[in-house]
Amino acid sequence: MENENLLAVAREFESPIYVYDSSKIISQYNRLSGAFKKVKQVKLNYAVKALSNIAILKLINSLGAGLDTVSIQEVQLGLLAGVKPEDIIFTPNGVSLEEIEEVSKLGVQINIDNLSILEQFGAKHPNTPVCIRINPHVLAGGNSKISVGHIDSKFGISIHQIPHILRIVENTGMTINGIHMHTGSDILDVEVFLYASEILFETAKNFKNLDFIDFGSGFKVPYKPGDIETDIEEFGEKLTKRFNSFCKEYGKELTLGFEPGKFLVSESGYFLAKVNVVKQTTSTVFAGIDSGFNHLIRPMFYNSHHEIINISNPKGKERFYSIVGYICETDTFATNRRISEINEGDIIAFKNAGAYCFSMASNYNSRFRPAEVLWHNGEAHLIRKRETFEDLTKNQVDIDIFAKTTETV
Ligand SMILES: *Cc1c(COP(=O)(O)O)cnc(C)c1O
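Treat the numbers as computed from the prediction; the structure is a model and nothing was measured.

1. Re the domain arrangement of the chain
Next up, step 1: Split by domain assignment, the chain resolves into domain 1 (22–261) and domain 2 (266–393).
Next up, step 2: A C-alpha centroid distance of 32 Å is found between domain 1 and domain 2.
Next up, step 3: The interface is formed by 18 residues belonging to domain 1 together with 21 residues belonging to domain 2.
Next up, step 4: Linking domain 1 with domain 2 are 1 salt bridge, by the criterion used here.
Next up, step 5: Note that glutamate 267 and lysine 24 form a salt bridge whose closest N and O atoms lie 3.9 Å from each other.
Next up, step 6: On the surface where domain 1 and domain 2 come into contact, there are 10 residue pairs in polar contact (both at pLDDT 80 or more).
Next up, step 7: Breaking the side of domain 1 that touches domain 2 down by element, the ones donating at least two residues are α2 (22–35) and α3 (54–62).
Next up, step 8: Ranked by the residues each element gives to the side of domain 1 that touches domain 2, the list is headed by α2, at 4 residues.

In C-alpha cells:
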C-alpha cells in the first residue's frame, strides 16, 4: 500500500488502527495455490487465529479457501462469515471432549491430537471420521515459542504411539480419514519440511481410509528487505512430485491440505500509530506512540521484527529512534532503529501487522482495542469499530455493597 493511502486512512479513522491490503492476501493465496497446481485436489484452510475479522474470513473464503480453527468460537465466526461447515477443520489442542463433540455436531471435520480424546470420541461416535494430528518430532521453526513439532512439544500424537492409535481404531471401529502435522512457524528450510512430510507419508500407510493429508503450515515470510523466506515455488515443485507418487502408491487420489495463517495475511497488514512524545535522553531518542503491547504484543512476546516507517515524513533525514509504547511496563517495539526524522504528531506504520497482531490485542491498561480497515480496490472499508468506554464496562458487574467509610479508624 502507498504511504499516502495509509495516511488517508489514519486521517479518516484516526489512530491507532490496523489496515489490511486485500491485494496482498489475494496474491499470497494465488502464489501458494499456484505452487501446487499440479496436484489434483488441494485444500487450503486459512488459520483463523492469525487474523479473525469476519471480513477477512469472507475475503479468503471467496478465493476458495476453507478455515482452520482452534476453538468453537472460531468455528462460529467462520459460520457467521458464511463458510460452509464442510470447509472448516477443527484443530484444537487440549480442549474438552464436550467442545469437540459440539463442533462435530456442526458438521465440521475434527482433528484430534491426543490418545485420550481419540479413544473417548471414537467410543462414542464411531461413525464420525476424524483426522489425527501427528507429531513427527522434527525440530523446525524459528523460535522456541512458535516451534511446536519437536519431541518435548505438547502438540500432536507421537509417531512412536502409532501402535496405540491403531489399537484404538480397531477397538472402537472408528475411521481415520485424514492425517495432519503442524510443526511450527517460521520454517526456513524446505528440506526440513520435506523430511517431516516423509514421516507423514510413512504414517499414512497405516491408515486405509484416508481422504486427505494435511501438511499444516509454518511458512516464513520476509520481515525486512533482503530477508529470507520459505521458497514456496521450490517447495511446491518438490512436494507435488512426492505427493503424487505417494497417491499412486496408496492407490487413491488424496487431497493435499495446508493451513497457512501468517503466509496469507502477515504482509497485508499495517499498524498505524501516532507519535505523542519525542524524548531525548542522554543516550537515546525515544518516540512514544499512542499504543503499546496491548495492541501489538509480538515484539515484546517473541522479539518479532516489524519494519517501521514514518509515513508523515518518509523522505526526512534518517536518525536512530527507540519506539516505545505507553504501557506502564517495559514496552519496546524497536530499539535504535533508523527511521526518517520523527516529529510529534507524525504517523508511523509498522509492517507485517496482519498476522497475530490484532488477534492478540487486549484491553490492558484499560485501553480500547484499535479499529480495523480493509483496503480493497482503492477504497478503505471500516471492518471493526474502535472500542468505546462501554466495551470496557459492559460485562463488569457493579455489586455496590460497600458502605463508604466516612470516619477514619
Ligand atoms: C497456528 C496454526 C497454523 C498457522 O500457522 P502459521 O505459522 O501462521 O502459518 C496452522 N495450523 C495450526 C494447527 C495452527 O495451530
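Having put the structure on the table, let's press on.
2. Some remarks on a nonpolar patch on the surface
Next up, step 1: Taken together, the side chains of Val397, Ile399, Ile401 and Phe402 define a hydrophobic patch exposed on the protein surface, amounting to about 490 Å² of accessible area.
Next up, step 2: You can see phenylalanine 402 is positioned in the segment after α12 (389–393).

3. Brief notes about the pairing of strand β1 (residues 17–21)
Next up, step 1: Of all 5 residues that make up β1, 5 are buried, and the element is covered over most of its length.
Next up, step 2: In this sheet, strand β11 (residues 269–280) lies alongside β1 in antiparallel orientation, the contact comprising 4 bridges. When the bridges of β11 are listed, valine 19 appears paired with tyrosine 270.

4. Observations regarding the environment of glutamate 390
Next up, step 1: Counting through the fold element by element, glutamate 390 comes out in helix α12.
Next up, step 2: Each C-alpha atom, one on glutamate 390 and one on phenylalanine 368, is 10.0 Å from the other, the two residues being 22 residues apart in sequence.

5. Here we look at the nonpolar core
Next up, step 1: Membership of the largest hydrophobic core comes to 101 residues, with the highest contact counts inside it found for Phe215 and Ile323.
Next up, step 2: Considering every element that reaches this core, the biggest residue donor is helix α8 (residues 190–204), with 8 residues.
Next up, step 3: Counting the residues that make up this core, at least three belong to each of domain 1 (22–261) and domain 2 (266–393).
Next up, step 4: Residue contacts for isoleucine 323: discarding those within four places in its chain leaves Ala287, Ile289, Ile308, Asp331, Thr332, Phe333, Ala334, Ile339, Ile342, Ile348 and Phe350.
Next up, step 5: Listed in part, the 15 residues of the second largest apolar core include Leu6, Ala10, Ile347 and Trp375.

6. Structural notes on the pattern of salt bridges
Next up, step 1: All told, the structure shown has 18 salt bridges when counted by the stated rule.
Next up, step 2: Taking the shortest distance from any N to any O, the salt bridge between lysine 40 and glutamate 253 comes out at 3.7 Å. Linking lysine 40 in the loop between α2 and β2 (42–47) with glutamate 253 in the loop between α9 (232–250) and β10 (255–258), this pair joins segments that are 213 residues apart in sequence.
Next up, step 3: The shortest N-O distance in the salt bridge between aspartate 87 and lysine 43 comes to 2.9 Å. Highlighted residues: aspartate 87 in the loop between α4 (72–80) and β4 (88–90) and lysine 43 in strand β2, separated in sequence by 44 residues.
Next up, step 4: Taking relative accessible area as the criterion, aspartate 87 reaches 19% and is therefore assigned buried.

7. So, unusual backbone geometry
Leaving glycine out, the prevailing phi sign among residues is negative, and the prevailing peptide bond configuration is trans.
Next up, step 1: Cis geometry marks the peptide bond from serine 15 to proline 16, where omega comes out at -5°.
Next up, step 2: As for its placement among the helices and strands, proline 16 is situated in the loop between α1 (3–13) and β1.
Next up, step 3: The residue asparagine 377 is not glycine, and still its phi comes out positive at about 50°.
Next up, step 4: A relative accessible area of 67% means that asparagine 377 is categorised as exposed.

8. Points about α9
Next up, step 1: In this model, α9 (19 residues) spans 25 Å end to end at C-alpha, consistent with the 27 Å of a helix rising 1.5 Å per residue.
Next up, step 2: Here α9 has its buried residues at Ile232, Phe235, Gly236, Leu239, Thr240, Phe243, Phe246, Cys247 and Tyr250. Buried positions in α9, seen along its axis, are confined to an arc of 145° and lie on one side of it. Exposed and facing more than 90 degrees away from the buried side of α9 are Glu237, Lys241 and Lys248.
Next up, step 3: After α9 finishes, the residue glycine 251 shows a positive phi value of roughly 85°.

Rules used in this analysis
- Residues numbered from 1 in each chain as written.
- Predicted model: local features only at pLDDT ≥ 70, side-chain atom pairs only at ≥ 80, totals over all residues.
- Heavy atoms only, no water.
- Domains from an automatic or database assignment.
- Contact = heavy atoms within 4.5 Å.
- Salt bridge = Lys/Arg side-chain N within 4 Å of Asp/Glu carboxyl O.
- Polar contact = N/O pair within 3.5 Å; in protein donor to acceptor, adjacent residues only side chain to side chain.
- Helix = DSSP H or I, 4+ residues; strand = E, 2+ residues; numbered from the N terminus.
- Patch = residues over 30% accessible without salt bridge, like charges linked within 9 Å, V, L, I, M, F, W, Y side chains within 5 Å.
- Areas by Shrake-Rupley, 256 points an atom, 1.4 Å probe, with all protein chains shown as cover.
- Buried < 20%, exposed > 50% of the residue type's maximum accessible area, 1.4 Å probe, protein only.
- Pairing = 2+ DSSP bridges.
- Core = buried A, V, L, I, M, F, W, Y, C linked by side-chain atoms within 4.5 Å.
- Expected span 1.5 Å × (residues − 1).
- Arc of directions from axis to C-beta.

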